[in-house]
Each structure stands twice: as C-alpha cells, then as structure tokens.
Amino acid sequence: MKEMQTNWIGKSYGAEIDFEITGVPTAGQQLKVYTTRPDTIFGVDFMVIAPEHELINTITTADQQAAVDEYCTYVKSRSERERQAEKKISGCFTGAYAINPFNGVKIPIWISEYVLAGYGTGAIMAVPCGDDRDFKFAQHFNIPITNILGDAFNGEEANSTKDAKLHNSDFLNGVVMRDAIAIVNKRLEEMGIGIAKVNYRMRDAAFSRQRYWGEPFPIQWKNGTAYPLTETDLPLLLPEVDTYSPGPEGEGPLANIPDWVAKELETNTMPGYAGSSWYFLRYMDPHNEQEFCNRAVSDYWNQVDLYIGGTEHAVGHLLYSRMWTKALFDLGHIGFDEPFKKLLNQGMIQGSSRFVYRLKGTQEFISYGLIKDFETVDKLHVDVNIVDGIELDTAAFNKWKPDYAGASFQLEDGKYLCGTEVEKMSKSKFNTVNPDELVQKFGADTFRMYEMFLGPVEQSKPWDTKGIEGVHRFIKKLWRLFFDELKGKVWNEEAPTAAELKVLHKAIKKTQDDTERFSFNTAVSGFMICVNELADLKCNKRAVLEPLLILVTPYAPHVAEELWSLLGNTSSILDAAYPVFDPSHVVESAKEYPVSINGKVRTNLLISLDATEAEVQELVLANELVQKWVEGKSLKKFIFVKGRMINLVI
RNA sequence: GCCUUGGUGGUGGAACUGGUAGACACGCAGGACUUAAAAUCCUGUUCGCAGCAAUGCGAGUGCGGGUUCGAUUCCCGCCUGAGGCACCA
C-alpha cells in the first residue's frame, strides 16, 4: 500500500548535468540530462534524447538528417499502446557529440523512443554497464561499453549496484558508488554545469468531471479566460435540476441550465476526491459558517480512528486525503498531519464465473471435459444463475438469449458441464448474484453476518452462499432463547447460575478481543458457541440474554434491536451500556492436560491449576498409561508448561 | 523481471506469544419427532491400517531440508495461486 503510493509519487533524487555539444552546425549548444546516478559519469558511452526533444532540429548533422527524419516519422506512426506493448529496441544517431566535462571524451548523441519526453529533461546519459536498458541498446547498435565496475560487471548483463568500487573513473577510482554521488554533485556545482535535483513523476490528474454530482468550480469565464468568483459570491451551490442528462456537445449536465450558462459559470464539477479528501473534517463542525472546521473542534475530535477501504483507493482517495491533511496541517488549520489513525484493507468479494464452449461457427456447445477433442471452440461466459454447481441447465440456456434458442449440446455422462474461473464480479462476466433475493429470504442480518463469517476481512474470496444456512440457523436459535414457537415468551427474570455467567463472560471477552483485531469471522463463531451452550443449559434468563444482545448488536443489529424492545426496553439498544468483562466468572480450578511422550500425545490428565511442577510430575509418572510407555526407559526430561501441556522425553 | 501476499479435511475457515492441528459452520451419513414433508433435535465425519466394538497404531498443515523436548507458527531452498508495479534514467 505504501509502496503503491511511493510509486505513484515517483520521487527520485538525482542531478541535472549540462554537456557541451560539439560537431554540429549551430555551435555553443548544451544538452541537459537528468540522472539518478551521477557517480557513473565515467561510464557514459552515449546519450539518448527523446524523439520529441527540441534539440533534434539544431544538432542533427547533414549526414544523419535523412535517417533522423525517417526515425521520427516511424516513432510518430506508433501509438502509445504499441510502444508499451512491443518493446523493440530502436534508435538513430544524430551525428552530434556531447563532451564529458571530466575527461573530454566525445559521447555520441542518439535518439530513441525508450526515453520519454515528459520525464526529467527528456534526455539521459547512458551507462550500459550499469543500466539494463542502456546495455541492451548498446549491444543492439554495437556501441563499445566502458566498464567502470571492475569485476562486478561480467560483460553479459548490466549491474545496477551502488555498492561496487569505481574503476576507470579518474578521481573516483576506488570510491564506493553510493559515496561517489555526493562527490560528483559537488564538483558539478563548483564547475557550474550541474545541480542536485529531486524529480517527481508527473501525473495527468484531471481535476474536473462532466457530471452533476460534484462541487461546482467557483469560476466564471470571460472571453475565454477563467476568473475566480469573489469571496462574497461564495459558496457557489449546485442548482436544482430536473434531469441529469449530459449537456450539448458532451459537456456536463450544468450546461443544460440556461441561467448557469448565461452567467458563464464553469459547467464541469469537481471529482470525487475533491470533497472526500477532507469531508471528515467538515463533519466535525458542519454548521460552521465562518470556516471549514474550528480548530478547537478538530483538536477535540482528532483523527479518524479507522479507514476501511480497498487497495483501489491507495493512490486515489487515501493518498489525496493525506495530502490535503498535510497541507492543512502546514497551514496551521488542524493539529495533525495524517488523517487516519489506522488502515484496514478489506478483500474483494469475487465472482465465480461459468463458461460454455461453442464449436466455432456453429450453435453446438461442447461439455467442458470434451473440449480437448476439438480444435476451435469459443469460450463464452454463461449466466451463473442457470448453472447448478458446474452443471448447465440446458433448457434455461436455450431460453437465456434468442441466439441460443436452437443451441445443441454434446454432453458427458448425460450432463453439460461448465468451466469455471474466479474473477472480479461483473455484469459483463454474468457472474453477479443479486443480494436482494438473499436478503428477502434470510433477512439483512443473516446476510451481513454471513459476509463476516466467510473469513478474514482482508482476504479476497469468491462469493459462495453455501454456508449461509448455518448463520441463519444461528439467528433463529438466538431468537428461540427468547421465544418458543409453541410456548411463546420463554425469557424470564430468574437469577443466573455460575455456569451461565461463565458462558456469558467468555462471550464478552471473545467478542471484545475479536472485534478489536477485526477478526469478525471468529467473533461470529464465538456467538454461535455461546448460543449453543446457553441452549444446552436451557438458559432463558434476561440477566444473561440482555448483555448478549448488546454484544450481538454490531453483527446483527435488526434482530438485536427487535429482541431488545420485546424485552420491554423503551430506548434503543444502541444507547445501552456495553457489558463489562468480569474475569472472576471464568476462572478455572483445574485443567485437562495433554500428556505427550516424545512429542506425541498419549493421554489426558485432569490436574489442579494450583499444583506445583513436582506434584504434577509425581501424578503423571504414577499414571498407568504413562508407566506403560516409560517402562524400561529412563526419563530424560520433564517439560511442564502451566495451563498448557506436559511432555516427557524418554 | 521486481515488490507484497497466500497455500491447513469433501468445502469456507480456526489455532492470538513455538505448546492437544482441524474450533465454528457448510456438506455428507445414520437416527428421533411426523401420515408425509418442512422446521427442530441427537450421533458420527482428516486419511490409512487393525478390530464386532470401546479403542489402538501410523501418517498428516504446498514440496525438500534445518533449529527445538515440541513447528501450521521460526530459519534456508524450491513449487504454486492471487494482487500490485514496470521503459521514470
């Protein structure tokens, strides 16, 4: 996550260096390159400039003019996509040379599309022995390679290390590369031909959307120039509209409002992250007419405790939110420079897709197990709702789409079997399931709890309703502790027993711990255990059930609230005090210890937790089964971990 | 190619600091209630071998090694799934 953000920002430390250019029609020109490795300056064997670089026009020699023109035309003919996809090595020599400022060596200047115009200066110094791309380029065009790495360079592939000692590097010989960077930078600055520089990756982040729902820009256009509204005209509110359809010529819906257009107001609106980057601050002080949030108020509420979001927000919402917060912090408007205390990445619920295989050019469908016998089949997504497991309902398939009305099938064992794949859930993949049906059948609480019960929140997994019955049974069982189908109300005001209090307080502890560490699936299983045990104890006592309901509330809020009110409570369960764990209810006096002999469990012994190690050893050795194993051998070691286990080494 | 993660029964998963692997649930099998079904309840369910049985023995957390009295957990090497990054000099 942090790495994604780091990559997105793309901060790099390097240097800009000016090189004299020689052997060209127009004298006195300089080539400015950006490099993160000034230490490798004695290994520069050629320069590369981007095909869009402006120097091309003035440094290309007459001899090379035709070749350069041809190359630039070729590059223009290739789309961005092509350039990304097929990474062909291509380039062209300009005929010009740069001069290495330290040793006067003439360095040929090449053009290649592997250098991007938009980053750094659009020009690089190429060091083939230290950079993979430069190395491949040099090999491809037979450019001699200078080795400044000594034994660290094998001549077969580039080595990008910073830890080697420099060779062939004049005043840097023997210096570790990492340390040489600062030395070179200092020299360059003294010579007035270079400067240490931090670079960022530029992003095309359009802060503008052609839609209605977003903050309107307080911008007014006059003769094609944008002017900000004066402060007295703020806030600028979205106008009421009847329709959200796009404006003429693909503009935003605001372009449909005559009044808005007449005032020449900007018709685009701000993107989602404009408001979502700081709305949590406004929530703290929503009615403040003077400022976005009073400092005393934000000091009181402080940071957001928990941010739950998928990784897709890493470089979207989360990153911008952090940036805005840092800016507001620097300006002194808030007292913290990170918006969120804690981050939780929930996993994605994926879809489980099903496929059918159509013989090319026909309406004949081949069952999954048979497709290897055919050469050309089309693999097509099929609606998961007409597939039972992996068996296709062929009649439903015929009805699914008009095209398939006349489809025929090649079956295996009388069935048409589908292929499967786990993918992102998507309508286009026909693997979506509608939660409404499940909510209608089982209720929202069951649905909610089942999602939690599926497994750890941060894990992605395919949606599968196989176990939902179990959660639903649990909720019904919880209900039956209060109301019996035949007898009606069964809950009572009797005083709880020690055993019942133990069950309750075990549950309080477990829910607390598991919720704290976002282990919702195990918390749900804890509730199941608690309800199972209370049912076994036939406990229908209010004194136990009421606290349990409060624990359950975040997990099954509707049922909890309903039962809470049926118990006669007049205020919401959301306002009830959270139960306090009392360890005295769950203390054990004895433990059923597993007794291992050489690491294998051979028996269990119930032993008091008060017993000393010597007493335990005596008890264990007296045991018949243990004696059988120990017989004839000597006890080498006795391991006793109080409250855990016993191990005998013989 | 680089980085981050995961791999445990038929299935989803549990085991929090190295201490009884498989909690809880699904599914399956058998049983109770019922004219029947639904609902509910009870019993069993990692695999293999032996036994009428209670039970016993052995193997077992992707694979191969190591550390340890003891490893799903720690270390080394490998296989494999998922996600992200990738001409950024």
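A quick note: this is a predicted structure, and the numbers were derived from the prediction, not measured. (Residues numbered from 1 in each chain as written. Chains lettered and ligands numbered in written order. Predicted model: local features only at pLDDT ≥ 70, side-chain atom pairs only at ≥ 80, totals over all residues. Heavy atoms only, no water.)

Put simply, Leu234 and Pro235 share a cis peptide bond, and its omega is -5°. Within the secondary structure layout, Pro235 lies in the loop between strand E9 (225–228) and helix H7 (258–262). Positive phi, normally seen in glycine, also occurs at Asp170, with a value near 55°. Within the secondary structure layout, Asp170 lies in the loop between helix H5 (132–140) and helix H6 (177–191). Of the residues examined, Asp170 reaches a relative accessible area of 47% and is grouped as partly exposed. (Helix = DSSP H or I, 4+ residues; strand = E, 2+ residues; numbered from the N terminus. Buried < 20%, exposed > 50% of the residue type's maximum accessible area, 1.4 Å probe, protein only.)

With that settled, the discussion passes to the packing of aromatic side chains. Centre-to-centre distance and the angle between the planes together describe a pair of aromatic rings. Tallied over the entire structure, the rule returns 38 aromatic pairs. Taken together, a centroid distance of 4.7 Å and an interplanar angle of 45° make the contact between Trp110 and Phe141 tilted. In this pair, Trp110 sits in strand E5 (residues 106–111) while Phe141 sits in the loop between H5 and H6, placing the two residues 31 residues apart along the sequence. These aromatic residues form a ring-pair network of at least three members: Phe46, Phe93, Tyr97, Trp110, Tyr114, Phe137 and Phe141. The ring of Tyr227 has Lys222 sitting right over it, with the charged end atom 5.4 Å from the ring centre. A cation over a ring is seen here: Lys509 above Phe581, with NZ or CZ 5.8 Å from the ring centre. (Phe/Tyr/Trp six-rings, centres within 6.5 Å; stacked < 30°, edge-to-face > 60°. Lys NZ or Arg CZ within 6 Å of the ring centre and 35° of its normal.)

Reading across from one edge, E23-E22-E25-E24 is the order of the 4 strands in this open sheet, with mixed pairing throughout. Both outer strands of the open sheet, strand E23 (600–608) and strand E24 (637–641), are each paired with one neighbouring strand and no more. Sheet twist, expressed as the average angle between the axes of neighbouring strands with direction ignored, equals 20°. Helix H20 (residues 613–622) contacts strand E22 (590–597), E23, E24 and strand E25 (645–649) of the sheet and is inclined by roughly 115° relative to E24. (Pairing = 2+ DSSP bridges. Axes fitted to C-alpha atoms, helices over the stretch in contact; angles between N-to-C directions. Contact = heavy atoms within 4.5 Å.)

So, about the domain arrangement of chain A. Annotation of chain A at the domain level lists domain 1 (2–199), domain 2 (219–270), domain 3 (275–344), domain 4 (349–429), domain 5 (439–585) and domain 6 (590–649). The C-alpha centroid of domain 3 is placed 28 Å from the C-alpha centroid of domain 2. (Domains from an automatic or database assignment.)

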